[in-house]
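Structural features, examined
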2 protein chains.
Amino acid sequence: MLQPVASTRVVDLVRDRLRAAILAGDLPPGTRLSVPELARQLEVSRSPVREAVLLLVGEGLAVEHTRRGVEVARLDLTDVLELYDLRAAVDALAARLAAERMASSDLAALRGVLDAQGAAAIGDPKSFRDLDERFHQIIVQTCGNSRVIRHSELLLREMRLAGPLLLNESWHLKLSHEEHRTIERALRQRDGSAAEMAMRSHLERVSQAVKLHHA
Amino acid sequence: MLQPVASTRVVDLVRDRLRAAILAGDLPPGTRLSVPELARQLEVSRSPVREAVLLLVGEGLAVEHTRRGVEVARLDLTDVLELYDLRAAVDALAARLAAERMASSDLAALRGVLDAQGAAAIGDPKSFRDLDERFHQIIVQTCGNSRVIRHSELLLREMRLAGPLLLNESWHLKLSHEEHRTIERALRQRDGSAAEMAMRSHLERVSQAVKLHHA
DNA sequence: TCTTCGCGGATTACATGTAACACTTCCGGA
DNA sequence: TCCGGAAGTGTTACATGTAATCCGCGAAGA
């Protein structure tokens, strides 16, 4: 049962590298993605770079201005609220589906993430956020619906571009953590509808908090 | 306030044409999308064809087999159920949001579609389906959340590939039509939460019906 | 001062060239 | 008959060429 070795296509490598650079903030929102320039820096030809850039546009991480190039997407408050609203719907579904399917190893992984998050919640927003992502990813990956996985993953990535618009206050992180615990409890008890509701209200609450914070 | 003239990019024309051909069934599921071959038929070079094909892969209308080409996606029962489940979540959100934003012209359009659908429901599954799509599109387009619009549109298109797996029985069409009426009533009364629930239960019911029909 | 026009530099969008790869077919040997 | 491999065909993936377009800048003119 061996997986085939990585595809070793240049376009994939370029896409992954660009995506990582964007999500890490090395290519901040608004940065122009010039195909010839990137090709020079990455030392490949323009073809795979062009394709990779278009793929990122498809993922929502960059926006295309016809005949005027592509730039890293800039997200404003409206965008973040849109993303939270949609994620509330999609991830709530994922949580409901996951409740019936989680293996005990998944539940253990979830608990591990939450324990680490409880510690980080004190004063490390960066790692809190990483753990938050993992928490959501574990649930989504377990839900068994490949389209939910794909779309949720897209939304999660897109949201990473929002960086400075998100909340880092300690009270907010602690509250989020408590809500995560509630979700995890529902999942552990295989109560799909409780997990669904807990996930939805969690993300809707975060959405409201973000909105109020920037009012 | 003039809209810019159509971009007249070859890649867009090719993408639209291929998408139309796929959705119309001229390129049935499983058809290989050979870039050189399509380029010959469309009388353009391979570059824009290649890009267009990759865009369709991003839309879920085709699947890529690395170094073995791209083919029109084949959907099985599992895929259709996945799509209905996800649409139930996304379109329910759209319905809730739309309830607060629908202009009277939108409501009029909705009613027009439903009236036509009521007539078609008798024995014209083809046009019933078209009107069904329009019904959902009007609501989604009105919801004001651009990401909901984008993702819902993707799901709706993808589902068109499912053709033969969908239900055409008269009783089912009539029931769907009644549910559409219920949704429209909620929207007309600007009752977001009723619209949300009606939309969700409509799509979940259809999902169950499809599942049972193929059992 | 403000606007308009044209030039220079760079990029996009499309066209084309080609090595490596995959599938098919067919043939010889066990 | 069945299997292994070589040749042939067609494609993918990447590289590169180039016309049309866009943008910034500065000079000419109102």
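Report follows, based on the coordinates. Here the structure is a predicted model, which means the values were calculated and not measured.

Here we come to the nonpolar core. Within soluble globular proteins, side chains that are nonpolar generally end up buried alongside one another. One finds A89 and A94 of chain A together with A89 and A94 of chain B to be the most contacted residues of the largest nonpolar core, which totals 107 residues. Here A94 of chain A is in contact with I139, V140, C143, V148 and S152 of chain A, once residues within four sequence places are set aside.

What follows covers the interface of chain B and chain A. Contact with chain B, which involves 20 residues of that partner, is made by 20 residues of chain A. When contributions to the side of chain B that touches chain A are tallied by element, the ones reaching two or more residues are helix 3 (46-59), helix 4 (77-101) and helix 7 (146-160) of chain B. The dominant element in the side of chain B that touches chain A, judged by the number of residues it contributes, is helix 4 of chain B, at eight residues. Split into classes, the residues belonging to the side of chain B that touches chain A amount to nine nonpolar, six polar and five charged.

All names here are of chain A. Here helix 4 (residues 77-101) spans 35 Å end to end across 25 residues, near enough to the 36 Å set by a 1.5 Å rise per residue. By the largest-angle criterion, R87 marks the main kink of helix 4, which is about 25°. Among the 25 residues of helix 4, 19 are classified as buried, and the element is accordingly described as predominantly covered.

Next up on the list: the relation of the copies chain B and chain A. Mapping chain B onto chain A calls for a rotation angle of 180° and an axial translation of 0.0 Å; the resulting RMSD is 0.1 Å. Both chain copies can therefore be described as sitting about a two-fold axis. In terms of C-alpha distance to the rotation axis, chain B has A89 of chain B as its closest residue, with the C-alpha 2.8 Å off the axis. Comparing interface residues between copies, 100% of those in chain B also lie at the interface in chain A; the contact surface is shared.

This brings us to the packing of helix 8 (residues 170-188) of chain B against helix 9 (residues 192-213) of chain B. Residues and elements named next belong to chain B. With their axes 8 Å apart at the nearest point, helix 8 and helix 9 run at an angle of 165° to one another. Viewed along their axes, helix 8 and helix 9 adopt a mutual orientation that is roughly antiparallel. In this structure, helix 8 meets helix 9 at a crossing whose hand is left-handed. Contacts from H172, S176, E179, T182, I183, A186 and L187 of helix 8 reach helix 9 at A194, A195, A198, M199, H202, V206 and A209. Of the residues in the contact of helix 8 with helix 9, the class split is nine nonpolar, four polar and one charged.

On to the pairing of strand 2 (residues 69-72) of chain B, then. Look at any regular strand and the pattern is simple: side chains alternate between the two faces of the sheet. Residue and element names in this part refer to chain B. Residues of strand 2 alternate between two faces, with V70 and V72 buried on one and G69 and E71 left unburied on the opposite face. Relative to strand 2, strand 1 (residues 62-65) runs antiparallel, the two sharing four bridges. Bridged to A62 within strand 2 is V72. Between the end of strand 1 and the start of strand 2, which pair antiparallel, lie three residues, with R67 showing a positive phi angle near 60°.

Close to DNA strand D lie 18 residues; V10, S45 and S47 of chain A together with V35 and G69 of chain B are nearest. Of the residues in the surface near DNA strand D, the class split is seven nonpolar, five polar and six charged.

Residue and element names in this part refer to chain A. Of note, L75 is situated in the loop between strand 2 (70-72) and helix 4. A count of 19 C-beta atoms within 10 Å places L75 in the partly exposed class. Leaving out residues up to four positions away in the same chain, L75 has contacts with P29, V80, L161, A162 and L165.

Turning to the packing of helix 6 (residues 125-142) of chain A against helix 7 (residues 146-160) of chain A, a few remarks are in order. Helix packing geometry: the angle between the two helix axes and the distance between the axes. Residues and elements named next belong to chain A. For the pair helix 6 and helix 7, interaxial distance at closest approach is 9 Å and the crossing angle is 165°. As judged from the angle between their axes, helix 6 and helix 7 are roughly antiparallel. Between helix 6 and helix 7 lies a crossing of right-handed hand. Residues E133, H136, V140 and Q141 of helix 6 touch helix 7, and the partners they reach there are V148, I149, S152 and L156. By residue class, the composition of the contact of helix 6 with helix 7 is four nonpolar, three polar and one charged.

Here we come to unusual backbone geometry. The backbone of E43 of chain A shows a phi angle near 60°, a positive value even though the residue is not glycine. The topology assignment puts E43 of chain A in the loop between helix 2 (35-42) and helix 3 (46-59).

So, how was this worked out
- Numbers given to residues run from 1 along each chain, matching the order in which its sequence is written.
- Following the order in which they are written, the chains are lettered starting with A and the ligands numbered starting with 1.
- Local features in a predicted model are, by the rule used here, given only for residues with pLDDT of at least 70; side-chain atom pairs are given and counted only at 80 or more, and totals for whole chains, interfaces and linings are based on all residues.
- Joined through C-beta atoms within 7 Å, a set of buried Ala, Val, Leu, Ile, Met, Phe, Trp, Tyr and Cys residues constitutes a nonpolar core.
- Exposed residues have 12 or fewer other C-beta atoms within 10 Å of their own C-beta, buried residues have 20 or more, and residues in between are partly exposed; the C-beta atoms are placed from the backbone.
- For every residue pair, C-beta atoms are placed from the backbone, and the pair is scored as a contact if these atoms sit within 7 Å.
- Secondary structure follows DSSP: runs of H or I at least 4 residues long count as helices, runs of E at least 2 residues long count as strands, and numbering of each begins at the N terminus.
- Any residue outside Ala, Val, Leu, Ile, Met, Phe, Trp, Tyr, Cys, Pro, Asp, Glu, Lys and Arg is labelled polar, Gly included; the first ten of those are nonpolar and the last four are charged.
- By this rule the span expected of a helix is its residue count minus one, scaled by 1.5 Å.
- Across the chain, bend at a residue is computed as the angle between axes fitted to the seven residues ending at that point and the seven starting from it.
- The copies were overlaid by least squares, fitting only the C-alpha atoms of residues that reach a pLDDT of 70 or more in each copy.
- Note on geometry: axes are lines fitted to C-alpha atoms, helical ones only across the stretch in contact, with angles between N-to-C directions running from 0 to 180 degrees.
- Orientation labels follow simple angle bins: below 35 degrees gives roughly parallel, above 145 gives roughly antiparallel, 65 to 115 gives roughly perpendicular, and whatever is left gives oblique.
- For any helix crossing, the convention is left-handed if the near helix is rotated counterclockwise from the far helix by under a right angle, and right-handed if that rotation is clockwise.
- Here, strands pair whenever DSSP counts at least two bridges between them.
- Whether a residue is near a molecule or strand depends on its C-beta atom, placed from the backbone, lying within 6 Å of it.

Interpretation in functional terms is not warranted from these geometric data alone.
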